[in-house]
Structures are given as C-alpha cells and as structure tokens.
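Here is how the chains run, residue by residue.
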Amino acid sequence: MARTEFNELLEAGAHFGHLKRKWHPGMAPYIFMEKNGIHIIDLHKTIAKIDESAEALKKIARSGRKVLFVATKKQAKEVVATKVQEIGMPYITERWSGGMLTNFPTIRKAVKKMSSIDRMETDGLTASLSKREKLQISRQREKLEKNLGSIVSLTRLPAALFVVDVVREHIAVKEAKRLNIPVFAIVDTNANPDMVDFAIPGNDDASKSIEVILSKICGAINEGLTERKVEKEKEVSASDKAEKEDVSAGSATDAAAPKKTSARKPRTIKE
C-alpha cells in the first residue's frame, strides 16, 4: 500500500483549516499553528490517520463487505463519484434521505422500484398506458436514479461509512453510530473528531485536498478487493486440483482391484 506523501497533501492545500473563531476544541491535537487567523493542520498527523484508515478499509474490502461513501457538498460530489465508481463501491452524492440506514428495508424497496419500472418497459407493459401515465413513471424513475441509483449494489447495510464533512453529513453519521457502523471521515478544524471512529484531519472544502485523500483511501480498498479476488481464484484452483486427485485415485483403485468372477453351479443331468 503506497504511503501518503507530505508534499502531495501540502500542494493540495490539505493543511488549511477554518478561521480560529470557528474551530472545535476537539481538533486541538491536530492543529500545528495559527496563521493570519486561520488554523493550520499538522499534515504529519494527517498522513498517519490516512494510513490507519486505509489499512482498516482495506481489510473490510478484503472481507467482501461494502463501504458507503457520503459526500453531498459541491466540492466533493464529482470527485467522490469518479473515484468510488472505479472501485465499485456504493456512494451518495445527492441529498441524504433520512432513514437511509435506520430504515434500510424501505430504501431497498425504492431501489427495487427502479428495476420493476425497467421490467415494465422491457416487457412492453407501458405501451398500453396513457401519455400522462408514461410521463409520471418516467419522472419517478429519473428521481429514483438520481437519489438512489448509486447504491443499487448495496443489498444490505454497509460495513462502514466514509464521510466528507461530518458537519454537513451529521444525519448520516448519527444513523451509522446508532447502528454501530464504524465511520471514517475527513474532519476539518470546525468539526468534532469524536463524532467518528476514524478521523482524518484535513481540509474538507478544497476539491484537490479531498481528491488526494480519497485517492489513497480508494487505492487501499482496491488493493483489498484485488487480494480477495486472488484468494478466491486460489481456492477454486485448489478445489479443482483436489477434485481431480480424488477422481484419479478412484480410477487407480478401480483398476487395481481384482475382478470378481461369479462361480457357476454345475449343471445336473436329469435321468
């Protein structure tokens, strides 16, 4: 797993926090200094937290479980959608629907609704509907796709949440904590790091900062997925080999075994 470079974070502006008057005391251990009324984040601690989070998320991915990414702020939407799509994980970049985790079965029903609409169109069942009804169904499908299309692969509750800006996504964080789902997050100087399990101190307002941190996280998850794939292939290969050996052993046993001959009774001649 590639280690995060200090200069890479520095160039991305990951060290810039918020104004001093907006700070949260819980972030004191991660603040290096104050400059022109702005808190500067200690990037050495950011690197340590990125590596710690990346290692934990890699293990989750290797186990075959899902990580749900949440980033609805303008600066993070495109970055998250691009990076997370590459590793095939679910994400939310539009509005967080209340109860998305705590009322997950209802959300799954809404996701399945998209599939049922698609089947109706494929089977030609919408042909008999009026123009107005078709338009209503089409709009419903577009709305569901916009809000929930990115979590189609999430068939059960995620094993972890990765959040960009815990202040903005506080509802998602609260739902995850309520269900004991670990939360990983980029935490700026205006937020409470104790709200999450794995806090990565960093600038959560600059798209470049978000991109650099997310690249490391997604890279680690991708490594976990790759290792899982290799392990599965080895298991299948070992299983096939064992099966062939059993068949060969069985054939050899059959060939070595003496053939049974049936003893015939002597024929008696009736007088």
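Further up the page is the structure itself.
This text gives an overview of the structure that appears in the document.

Rules of the game
- Residues numbered from 1 in each chain as written.
- Predicted model: local features only at pLDDT ≥ 70, side-chain atom pairs only at ≥ 80, totals over all residues.
- Heavy atoms only, no water.
- Helix = DSSP H or I, 4+ residues; strand = E, 2+ residues; numbered from the N terminus.
- Rg over C-alpha atoms; globule rule 2.2 N^0.38 Å.
- Buried < 20%, exposed > 50% of the residue type's maximum accessible area, 1.4 Å probe, protein only.
- Contact = heavy atoms within 4.5 Å.
- Lys, Arg positive; Asp, Glu negative; His and termini not counted.
- Charge placed at Lys NZ, Arg CZ, Asp CG, Glu CD.
- Pairing = 2+ DSSP bridges.
- Right-handed = clockwise from strand over helix to strand, strands pointing away.
- Axes fitted to C-alpha atoms, helices over the stretch in contact; angles between N-to-C directions.
- Parallel < 35°, antiparallel > 145°, perpendicular 65-115°, else oblique.
- Left-handed = near helix turned anticlockwise from the far one by under 90°.
- Polar contact = N/O pair within 3.5 Å; in protein donor to acceptor, adjacent residues only side chain to side chain.
- Expected span 1.5 Å × (residues − 1).

**A short note on the overall build of the protein chain**
Consideration 1: When its secondary structure is counted, the protein chain shows 7 helices and 8 strands.
Consideration 2: Over its C-alpha trace the protein chain gives a radius of gyration of 29 Å, far above what one expects of a compact globule, namely 18 Å for 271 residues.
Consideration 3: Seen along its three principal axes, the alpha-carbon backbone of the protein chain occupies a region of about 130 × 60 × 30 Å.
Consideration 4: Per-residue burial over the protein chain gives 40% buried out of 271 residues.
Consideration 5: Once local pairs closer than 6 in sequence are excluded, the contacts in the protein chain between residues at least 24 apart make up 65%.
Consideration 6: Separation between the mean location of the 48 positive side-chain charges and that of the 37 negative ones in the protein chain comes to 6 Å.

**Topic: the pairing of strand β4 (residues 67-70)**
Consideration 1: Neither face of β4 is open: one carries V67 and F69, the other L68 and V70, and all of them are buried.
Consideration 2: Where β4 lies against strand β6 (residues 160-164), 4 bridges are found, and the strand directions are parallel. Within β6, the position partnered with F69 by the bridge is F162.
Consideration 3: Bridge count for β4 against strand β5 (residues 91-92) is 2 bridges, and the pairing is parallel. If you follow V70 over to β5, its bridge partner there is I92.
Consideration 4: Between β4 and its parallel partner β5, the chain crosses via helix α3 (residues 74-87), and the hand of that crossover is right-handed.

**Points about the sheet that holds strand β8 (residues 198-201)**
Each strand in a sheet pairs with another by means of backbone hydrogen bonds, the pair being arranged parallel or else antiparallel.
Consideration 1: Here we have 5 strands laid out as an open sheet, ordered β5-β4-β6-β7-β8, and parallel in their pairing. Each end of this open sheet is capped by a strand with a single partner; those strands are β5 and β8.
Consideration 2: Sheet topology note: the strand β7 (residues 183-187)/β8 ladder contains 4 bridges and is parallel. Counted as the bridge partner of I186 is I200 from β8.

**Things to note about the pairing of strand β3 (residues 38-41)**
Consideration 1: Where strand β1 (residues 16-19) and β3 come together, 2 bridges link them in antiparallel fashion. Of the residues in β3, the one forming a bridge with L19 is I38.
Consideration 2: Where strand β2 (residues 31-35) lies against β3, 4 bridges are found, and the strand directions are antiparallel. In the strand pairing of β3, K35 is matched with I38.

**Brief notes about the sheet that holds β2**
Consideration 1: Read across the sheet, 3 strands follow the order β1-β3-β2 without closing on themselves; strand pairing throughout is antiparallel. Looking at strand neighbours, the two that pair on one side only are β1 and β2, the edges of this open sheet. Between one strand axis and the next, the sheet turns by 30° as a mean value, whatever way the strands run.

**A look at the packing of helix α4 (residues 104-123) against helix α5 (residues 131-148)**
Consideration 1: As a packed pair, α4 and α5 sit with axes 10 Å apart at the nearest point and diverge in direction by 135°. By the angle between their directions, the pair α4 and α5 is classed as oblique. Handedness of the α4/α5 crossing: left-handed. Across the interface between the two elements, I107, A110, V111, K113, M114, I117, D118 and M120 from α4 touch I137, Q140, R141, L144, E145 and L148 from α5.

**Remarks on the environment of T226**
Consideration 1: On the secondary structure map, T226 appears in helix α7 (residues 207-256).
Consideration 2: For the pair T226 and R62, spaced 164 residues apart in sequence, the C-alpha separation works out to 7.8 Å.
Consideration 3: Separated by 2.9 Å, the side chain of T226 and the backbone oxygen of N222 make a polar contact.

**A look at helix α2 (residues 43-62)**
Consideration 1: Over its 20 residues, α2 extends 28 Å from the first C-alpha to the last, a length consistent with the 28 Å expected when each residue adds 1.5 Å.
Consideration 2: Taken together, the buried positions of α2 are occupied by L43, T46, I47, I50, D51, S53, A54, L57, K58, I60 and A61.
Consideration 3: The N-terminus of α2 is capped by D42, whose side-chain oxygen sits 3.1 Å from the backbone nitrogen of H44.
Consideration 4: At the exit of α2 stands G64, carrying a positive phi of roughly 90°.

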